[in-house]
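For reference, the chains in residue letters:
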Amino acid sequence: MSAKASGVAAGSLAVDVTEVSRIFTGKKGASVAALDNVSLTVNPGEFVSLIGPSGCGKSTLMRLIADLDTPTSGTIEVFGQSARQARLNQSYGIAFQQAGLLPWRTVAGNIELPLELHGVAKPARKARSAELLDLVGLSDFAHHYPDQLSGGMQQRVAIARSLAESPRLLLMDEPFGALDEMTRERMQNELVRICGETGAAVVFVTHSIPEAVFLSDRVVVMSPRPGRIRDILSVRLGETGERGENLREESSFFQAVSQVRELLHGEVPVGARGVETR
Ligand SMILES: Nc1ncnc2c1ncn2[C@@H]1O[C@H](COP(=O)(O)OP(=O)(O)OP(=O)(O)O)[C@@H](O)[C@H]1O
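Note that the structure is a prediction, hence the values are computed from the model and not measured.

## Looking at the site of the ligand
Stage number 1. F24, V32, A34, G52, S54, G55, C56, G57, K58, S59, T60 and R225 make up every residue found near the ligand.
Stage number 2. The set of elements that each furnish at least two residues to the shell around the ligand consists of strand 2 (31–42) and helix 1 (58–65).
Stage number 3. For the shell around the ligand, the per-class residue count stands at four nonpolar, six polar and two charged.

Written out as C-alpha coordinates, the structure is:
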(Lines give C-alpha, C1' and ligand atoms only; values in the text may rest on other atoms or scores of the structure.)
Protein backbone atom coordinates (compact mmCIF):
# COMPACT_ATOMS: atom_id res chain seq x y z
CA MET A 1 0.00 0.00 0.00
CA SER A 2 1.41 3.39 -0.89
CA ALA A 3 1.74 6.14 1.69
CA LYS A 4 -0.76 8.23 -0.26
CA ALA A 5 -3.19 5.35 -0.43
CA SER A 6 -2.97 4.86 3.32
CA GLY A 7 -4.76 8.15 3.98
CA VAL A 8 -8.51 8.63 4.36
CA ALA A 9 -10.65 10.54 1.84
CA ALA A 10 -9.09 13.69 0.44
CA GLY A 11 -10.10 16.81 2.32
CA SER A 12 -10.22 15.11 5.69
CA LEU A 13 -6.47 14.58 5.84
CA ALA A 14 -4.56 16.58 8.42
CA VAL A 15 -1.62 16.92 6.03
CA ASP A 16 -1.43 16.01 2.34
CA VAL A 17 1.98 16.45 0.73
CA THR A 18 1.97 15.62 -2.99
CA GLU A 19 5.12 15.23 -5.07
CA VAL A 20 6.93 18.04 -3.28
CA SER A 21 10.45 19.06 -4.24
CA ARG A 22 12.50 21.91 -2.81
CA ILE A 23 15.62 23.11 -4.55
CA PHE A 24 17.62 25.88 -2.90
CA THR A 25 19.70 28.13 -5.12
CA GLY A 26 22.84 29.58 -3.56
CA LYS A 27 24.27 33.05 -4.18
CA LYS A 28 26.69 31.76 -6.81
CA GLY A 29 23.95 29.84 -8.61
CA ALA A 30 24.80 26.42 -7.16
CA SER A 31 21.63 24.50 -6.37
CA VAL A 32 20.91 22.12 -3.48
CA ALA A 33 18.09 19.64 -3.88
CA ALA A 34 16.80 19.35 -0.29
CA LEU A 35 13.64 17.37 -1.10
CA ASP A 36 12.91 15.30 -4.17
CA ASN A 37 9.36 14.30 -5.05
CA VAL A 38 8.11 13.67 -1.53
CA SER A 39 4.51 12.52 -0.99
CA LEU A 40 3.05 11.89 2.45
CA THR A 41 -0.32 11.95 4.14
CA VAL A 42 -1.12 12.34 7.83
CA ASN A 43 -4.58 11.41 9.07
CA PRO A 44 -6.46 13.36 11.73
CA GLY A 45 -5.27 12.22 15.15
CA GLU A 46 -2.30 10.35 13.70
CA PHE A 47 1.25 10.68 15.07
CA VAL A 48 3.85 10.59 12.30
CA SER A 49 7.59 10.96 12.89
CA LEU A 50 10.18 11.95 10.30
CA ILE A 51 13.59 10.41 10.82
CA GLY A 52 16.67 10.44 8.59
CA PRO A 53 20.32 11.45 8.34
CA SER A 54 21.34 15.04 9.00
CA GLY A 55 20.61 17.28 6.01
CA CYS A 56 18.01 14.95 4.45
CA GLY A 57 15.35 17.66 4.44
CA LYS A 58 13.26 16.95 7.57
CA SER A 59 13.18 20.57 8.72
CA THR A 60 12.68 21.73 5.15
CA LEU A 61 9.57 19.55 4.87
CA MET A 62 8.32 20.83 8.21
CA ARG A 63 8.86 24.45 7.18
CA LEU A 64 7.00 23.82 3.93
CA ILE A 65 4.02 22.31 5.78
CA ALA A 66 4.03 25.34 8.13
CA ASP A 67 4.20 27.68 5.11
CA LEU A 68 7.46 29.18 6.35
CA ASP A 69 8.88 28.27 2.92
CA THR A 70 7.42 27.39 -0.50
CA PRO A 71 7.96 24.19 -2.52
CA THR A 72 9.80 24.42 -5.83
CA SER A 73 7.16 22.02 -7.16
CA GLY A 74 4.31 19.96 -5.77
CA THR A 75 1.45 20.85 -3.45
CA ILE A 76 0.77 20.82 0.29
CA GLU A 77 -2.64 20.87 1.91
CA VAL A 78 -3.48 21.07 5.60
CA PHE A 79 -7.02 20.00 6.46
CA GLY A 80 -7.95 20.42 2.80
CA GLN A 81 -6.64 23.98 2.58
CA SER A 82 -3.46 25.36 1.03
CA ALA A 83 -0.53 25.62 3.44
CA ARG A 84 -0.84 29.42 3.17
CA GLN A 85 -4.52 29.42 4.10
CA ALA A 86 -3.94 26.96 6.94
CA ARG A 87 -1.26 29.26 8.38
CA LEU A 88 -3.57 32.26 8.12
CA ASN A 89 -6.30 30.25 9.84
CA GLN A 90 -3.87 29.07 12.55
CA SER A 91 -4.86 25.49 11.83
CA TYR A 92 -1.88 24.11 13.76
CA GLY A 93 0.43 24.67 16.71
CA ILE A 94 4.20 24.77 16.30
CA ALA A 95 6.90 23.67 18.76
CA PHE A 96 10.47 23.69 17.50
CA GLN A 97 13.78 22.80 19.15
CA GLN A 98 14.25 26.12 20.92
CA ALA A 99 11.33 26.75 23.24
CA GLY A 100 11.20 30.33 21.91
CA LEU A 101 9.54 31.83 24.98
CA LEU A 102 9.42 35.58 25.54
CA PRO A 103 11.70 36.18 28.56
CA TRP A 104 9.79 39.26 29.75
CA ARG A 105 6.48 37.43 29.98
CA THR A 106 5.51 35.01 32.72
CA VAL A 107 4.83 31.36 31.97
CA ALA A 108 1.07 32.07 31.89
CA GLY A 109 1.71 35.20 29.79
CA ASN A 110 3.63 33.14 27.23
CA ILE A 111 0.90 30.51 27.00
CA GLU A 112 -1.76 33.19 26.64
CA LEU A 113 0.09 35.07 23.90
CA PRO A 114 -1.55 33.40 20.86
CA LEU A 115 -4.96 33.89 22.48
CA GLU A 116 -4.19 37.54 23.24
CA LEU A 117 -3.09 38.11 19.65
CA HIS A 118 -6.42 36.77 18.47
CA GLY A 119 -8.51 38.94 20.76
CA VAL A 120 -9.62 36.33 23.30
CA ALA A 121 -10.92 38.11 26.41
CA LYS A 122 -8.80 38.05 29.58
CA PRO A 123 -10.98 35.75 31.71
CA ALA A 124 -11.11 33.15 28.92
CA ARG A 125 -7.33 33.45 28.43
CA LYS A 126 -6.71 32.92 32.14
CA ALA A 127 -8.99 29.91 32.24
CA ARG A 128 -7.31 28.36 29.20
CA SER A 129 -3.75 28.90 30.48
CA ALA A 130 -4.72 27.41 33.86
CA GLU A 131 -6.09 24.35 32.07
CA LEU A 132 -2.95 23.98 29.93
CA LEU A 133 -0.60 24.49 32.87
CA ASP A 134 -2.41 21.67 34.59
CA LEU A 135 -2.09 19.51 31.47
CA VAL A 136 1.71 19.96 31.33
CA GLY A 137 2.10 19.76 35.13
CA LEU A 138 3.25 23.34 35.70
CA SER A 139 0.36 24.86 37.63
CA ASP A 140 2.70 26.04 40.38
CA PHE A 141 4.84 27.99 37.92
CA ALA A 142 2.25 30.23 36.24
CA HIS A 143 3.87 33.41 37.56
CA HIS A 144 7.48 32.40 37.07
CA TYR A 145 9.59 33.75 34.22
CA PRO A 146 11.21 31.45 31.62
CA ASP A 147 14.74 31.91 33.01
CA GLN A 148 13.50 30.55 36.36
CA LEU A 149 12.63 27.22 34.71
CA SER A 150 14.69 24.26 33.59
CA GLY A 151 15.03 23.48 29.86
CA GLY A 152 12.46 20.69 30.13
CA MET A 153 10.00 22.95 31.91
CA GLN A 154 10.47 25.65 29.28
CA GLN A 155 9.79 23.09 26.60
CA ARG A 156 6.60 22.07 28.37
CA VAL A 157 5.54 25.72 28.40
CA ALA A 158 6.21 25.89 24.64
CA ILE A 159 4.09 22.78 24.15
CA ALA A 160 1.31 24.26 26.28
CA ARG A 161 1.48 27.41 24.15
CA SER A 162 1.31 25.37 20.94
CA LEU A 163 -1.88 23.76 22.31
CA ALA A 164 -3.48 27.05 23.40
CA GLU A 165 -5.87 27.26 20.49
CA SER A 166 -6.67 23.53 20.57
CA PRO A 167 -5.05 22.82 17.22
CA ARG A 168 -6.02 19.65 15.42
CA LEU A 169 -2.41 19.48 14.22
CA LEU A 170 0.94 19.97 15.94
CA LEU A 171 4.16 20.50 13.99
CA MET A 172 7.12 19.61 16.21
CA ASP A 173 10.72 19.84 14.98
CA GLU A 174 13.07 18.14 17.47
CA PRO A 175 11.21 19.68 20.40
CA PHE A 176 13.08 17.50 22.91
CA GLY A 177 16.48 17.62 21.18
CA ALA A 178 18.16 19.70 23.87
CA LEU A 179 16.85 17.75 26.86
CA ASP A 180 18.62 15.15 29.00
CA GLU A 181 17.49 11.56 28.55
CA MET A 182 15.34 11.36 31.68
CA THR A 183 13.51 14.62 31.01
CA ARG A 184 13.14 13.61 27.40
CA GLU A 185 11.43 10.32 28.28
CA ARG A 186 9.15 12.13 30.71
CA MET A 187 8.23 14.65 28.02
CA GLN A 188 7.55 11.82 25.57
CA ASN A 189 5.18 10.23 28.10
CA GLU A 190 3.45 13.57 28.55
CA LEU A 191 3.14 14.15 24.83
CA VAL A 192 1.54 10.73 24.32
CA ARG A 193 -0.90 11.56 27.12
CA ILE A 194 -1.68 15.03 25.73
CA CYS A 195 -2.28 13.63 22.22
CA GLY A 196 -4.56 11.00 23.71
CA GLU A 197 -6.53 13.70 25.48
CA THR A 198 -6.72 16.23 22.65
CA GLY A 199 -6.82 13.92 19.60
CA ALA A 200 -4.35 16.17 17.76
CA ALA A 201 -2.43 14.88 14.74
CA VAL A 202 1.33 15.37 15.07
CA VAL A 203 4.19 15.63 12.59
CA PHE A 204 7.34 15.14 14.64
CA VAL A 205 10.98 15.45 13.53
CA THR A 206 13.53 13.53 15.57
CA HIS A 207 17.00 11.99 15.38
CA SER A 208 16.12 9.42 18.02
CA ILE A 209 14.87 6.04 16.83
CA PRO A 210 13.44 4.99 20.25
CA GLU A 211 11.68 8.34 20.51
CA ALA A 212 10.11 7.93 17.05
CA VAL A 213 9.02 4.36 17.85
CA PHE A 214 7.62 5.24 21.27
CA LEU A 215 5.56 8.17 20.02
CA SER A 216 4.43 7.27 16.54
CA ASP A 217 1.70 5.54 14.64
CA ARG A 218 3.98 5.65 11.61
CA VAL A 219 7.68 6.39 11.22
CA VAL A 220 8.76 7.95 7.94
CA VAL A 221 12.36 7.04 7.14
CA MET A 222 14.06 9.49 4.80
CA SER A 223 17.11 8.90 2.63
CA PRO A 224 20.22 11.12 2.51
CA ARG A 225 20.04 14.25 0.39
CA PRO A 226 18.23 14.81 -1.86
CA GLY A 227 15.62 13.88 0.73
CA ARG A 228 13.20 11.21 -0.39
CA ILE A 229 10.95 8.92 1.59
CA ARG A 230 12.77 5.63 1.80
CA ASP A 231 10.10 3.72 3.72
CA ILE A 232 7.18 4.19 6.05
CA LEU A 233 6.90 1.84 8.99
CA SER A 234 3.64 1.32 10.88
CA VAL A 235 4.69 0.98 14.51
CA ARG A 236 1.55 1.66 16.51
CA LEU A 237 2.29 -0.09 19.81
CA GLY A 238 -1.01 0.27 21.67
CA GLU A 239 -3.57 3.06 21.90
CA THR A 240 -2.12 6.53 22.33
CA GLY A 241 -3.65 7.01 25.75
CA GLU A 242 -2.52 3.58 26.95
CA ARG A 243 1.11 3.82 25.90
CA GLY A 244 3.04 4.00 29.12
CA GLU A 245 6.51 3.62 30.51
CA ASN A 246 6.31 -0.20 30.32
CA LEU A 247 6.21 -0.05 26.55
CA ARG A 248 9.91 0.79 26.51
CA GLU A 249 10.66 -2.61 28.05
CA GLU A 250 8.56 -4.68 25.66
CA SER A 251 10.01 -6.87 22.95
CA SER A 252 7.68 -5.32 20.33
CA PHE A 253 9.32 -1.98 21.13
CA PHE A 254 12.84 -3.36 20.64
CA GLN A 255 11.77 -5.08 17.43
CA ALA A 256 10.36 -1.85 15.99
CA VAL A 257 13.52 0.02 17.03
CA SER A 258 15.73 -2.44 15.14
CA GLN A 259 13.41 -2.35 12.11
CA VAL A 260 13.71 1.44 11.90
CA ARG A 261 17.47 1.21 12.45
CA GLU A 262 17.82 -1.29 9.61
CA LEU A 263 15.64 0.87 7.35
CA LEU A 264 17.77 3.91 8.12
CA HIS A 265 20.87 1.98 7.16
CA GLY A 266 19.13 0.63 4.06
CA GLU A 267 19.43 -3.01 5.16
CA VAL A 268 15.79 -4.06 4.72
CA PRO A 269 14.36 -4.88 1.29
CA VAL A 270 11.59 -2.44 0.43
CA GLY A 271 8.17 -3.81 1.35
CA ALA A 272 9.38 -6.23 4.01
CA ARG A 273 7.93 -6.74 7.50
CA GLY A 274 4.87 -4.54 7.62
CA VAL A 275 6.60 -1.65 5.99
CA GLU A 276 4.47 0.52 3.76
CA THR A 277 6.26 1.14 0.52
CA ARG A 278 5.83 3.67 -2.21
N1 LIG B 1 17.64 28.31 3.27
C2 LIG B 1 18.45 27.40 2.73
N3 LIG B 1 19.30 27.74 1.75
C4 LIG B 1 20.12 26.82 1.17
N5 LIG B 1 20.17 25.53 1.54
C6 LIG B 1 19.34 25.13 2.53
C7 LIG B 1 18.44 26.04 3.18
N8 LIG B 1 17.74 25.35 4.13
C9 LIG B 1 18.19 24.09 4.07
N10 LIG B 1 19.14 23.96 3.11
C11 LIG B 1 19.83 22.72 2.74
O12 LIG B 1 18.84 21.73 2.50
C13 LIG B 1 19.27 20.47 3.03
C14 LIG B 1 18.25 19.95 4.01
O15 LIG B 1 18.27 20.75 5.19
P16 LIG B 1 17.31 20.47 6.44
O17 LIG B 1 17.61 21.50 7.48
O18 LIG B 1 15.93 20.35 5.97
O19 LIG B 1 17.82 19.03 6.89
P20 LIG B 1 17.46 18.19 8.20
O21 LIG B 1 17.15 16.82 7.73
O22 LIG B 1 16.43 18.89 8.99
O23 LIG B 1 18.86 18.22 8.94
P24 LIG B 1 19.22 18.04 10.51
O25 LIG B 1 18.81 16.65 10.86
O26 LIG B 1 20.70 18.21 10.54
O27 LIG B 1 18.48 19.12 11.25
C28 LIG B 1 20.65 20.69 3.63
O29 LIG B 1 21.63 20.33 2.67
C30 LIG B 1 20.68 22.19 3.87
O31 LIG B 1 22.00 22.67 3.77
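There is more to say, and it comes next.
## Things to note about the environment of A212
Stage number 1. Mapped onto the elements, A212 comes out in helix 7 (residues 209–215).
Stage number 2. Accessibility expressed as a C-beta count within 10 Å gives 26 for A212, which makes it buried.
Stage number 3. When the C-alpha atoms of A212 and V78 are compared, they prove to be 22 Å apart, with 134 residues separating the residues in sequence.
Stage number 4. With sequence-adjacent residues up to four places away left out, A212 is seen in contact with S49, I51, T206, V219 and V260.

## Focus: the packing of helix 3 (residues 107–117) against helix 5 (residues 151–162)
Stage number 1. Where helix 3 meets helix 5, the axes come as close as 8 Å, and the angle between the chain directions of the two elements is 30°. On the basis of the axis angle, helix 3 is roughly parallel to helix 5. Where helix 3 crosses over helix 5, the handedness of that crossing is right-handed. Here V107, N110, I111, L113 and P114 of helix 3 come into contact with helix 5, specifically with V157, A160 and R161.
Stage number 2. The class makeup of the residues in the contact of helix 3 with helix 5 is six nonpolar, one polar and one charged.

## Notes on the domain arrangement of the protein chain
Stage number 1. According to the domain assignment, the protein chain contains domain 1 (15–92 + 167–276) and domain 2 (101–166).
Stage number 2. Relative placement of domain 1 and domain 2: their C-alpha centres are 26 Å apart.
Stage number 3. In this assembly, twelve residues from domain 1 lie in contact with eleven residues from domain 2.
Stage number 4. In terms of residues, the side of domain 1 that touches domain 2 owes the most to one element, helix 6 (residues 181–198), which gives five residues.
Stage number 5. Tallied by class, residues from the side of domain 1 that touches domain 2 come to eight nonpolar, three polar and one charged.

## A closer look at the nonpolar core
Stage number 1. If you look at the biggest cluster of nonpolar residues, it comprises 72 residues, and the most contacted ones within it are I65, L171, V202, V203 and V260.
Stage number 2. Each of two domains, domain 1 (15–92 + 167–276) and domain 2 (101–166), supplies a minimum of three residues to this core.
Stage number 3. Beyond its immediate chain neighbours, meaning those up to four positions away, I65 contacts V15, I76, V78, A83, L171 and V203.

## Details of the sheet that holds strand 2
Stage number 1. One open sheet accounts for four strands, arranged 2-1-4-5; its pairing is antiparallel. The sheet terminates laterally at strand 2 and strand 5 (81–82), the two strands that pair on one side only.
Stage number 2. One ladder, built from eight bridges, connects strand 1 (residues 15–25) with strand 2; its direction is antiparallel. Residue pairing across strands places D16 opposite T41, the latter belonging to strand 2.

## Some details on the confidence of the model for the protein chain
Stage number 1. Put simply, the protein chain has an average pLDDT of 86, and 89% of its residues get 70 or more.
Stage number 2. In this model residues 1–10 is a low-confidence stretch, pLDDT under 50, and it forms 21 contacts with partners more than four residues away in sequence or in other chains.
Stage number 3. Contacts for the low-pLDDT stretch residues 271–278, under 50 throughout, to residues beyond four places or in other chains number 19 contacts.
Stage number 4. Overall fold confidence for the complex sits at a pTM of 0.85, while the interface term, ipTM, reaches 0.97.

## Focus on unusual backbone geometry
Stage number 1. Of note, the amide linkage connecting R225 to P226 takes the cis form, showing an omega dihedral of 0°.
Stage number 2. Backbone geometry places E19, a non-glycine residue, at a positive phi of 50°.
Stage number 3. By the element assignment, E19 lies in strand 1.
Stage number 4. Even without a glycine there, the phi angle at D67 is positive, about 60°.

## Details of helix 4 (residues 122–135)
Stage number 1. For helix 4, spanning 14 residues, the distance from its first C-alpha to its last is 20 Å, which sits close to the expected 20 Å at 1.5 Å a residue.
Stage number 2. Residues of helix 4 that are buried: R125, R128, S129, L132 and L133. All buried residues of helix 4 project into a common sector of 135° when viewed along the axis, lining one side. Set apart from the buried face of helix 4 by more than 90 degrees, the exposed residues are P123, A124, A127 and D134.
Stage number 3. Structurally, helix 4 contributes buried residues whose contacts are with helix 3 and helix 5.

## A word on the packing of helix 3 against helix 4
Stage number 1. Relative orientation of the contacting elements helix 3 and helix 4 amounts to 130°, with a least axis distance of 9 Å. Put simply, helix 3 runs oblique to helix 4. Judged by the twist between their axes, the crossing of helix 3 over helix 4 is right-handed. Each of A108, I111, E112, L115 and E116 in helix 3 lies in contact with helix 4, whose residues at this interface are R125, R128, S129, L132 and L133.
Stage number 2. Class assignment of the residues belonging to the contact of helix 3 with helix 4 gives a composition of five nonpolar, one polar and four charged.

Procedures and definitions
Residues numbered from 1 in each chain as written. Predicted model: local features only at pLDDT ≥ 70, side-chain atom pairs only at ≥ 80, totals over all residues. Near = placed C-beta within 6 Å. Helix = DSSP H or I, 4+ residues; strand = E, 2+ residues; numbered from the N terminus. Nonpolar A, V, L, I, M, F, W, Y, C, P; charged D, E, K, R; others polar. Buried ≥ 20, exposed ≤ 12 C-beta atoms within 10 Å, placed from the backbone. Contact = placed C-beta atoms within 7 Å. Axes fitted to C-alpha atoms, helices over the stretch in contact; angles between N-to-C directions. Parallel < 35°, antiparallel > 145°, perpendicular 65-115°, else oblique. Left-handed = near helix turned anticlockwise from the far one by under 90°. Domains from an automatic or database assignment. Core = buried A, V, L, I, M, F, W, Y, C linked by C-beta atoms within 7 Å. Pairing = 2+ DSSP bridges. pLDDT = per-residue confidence, 0-100. Expected span 1.5 Å × (residues − 1). Arc of directions from axis to C-beta.

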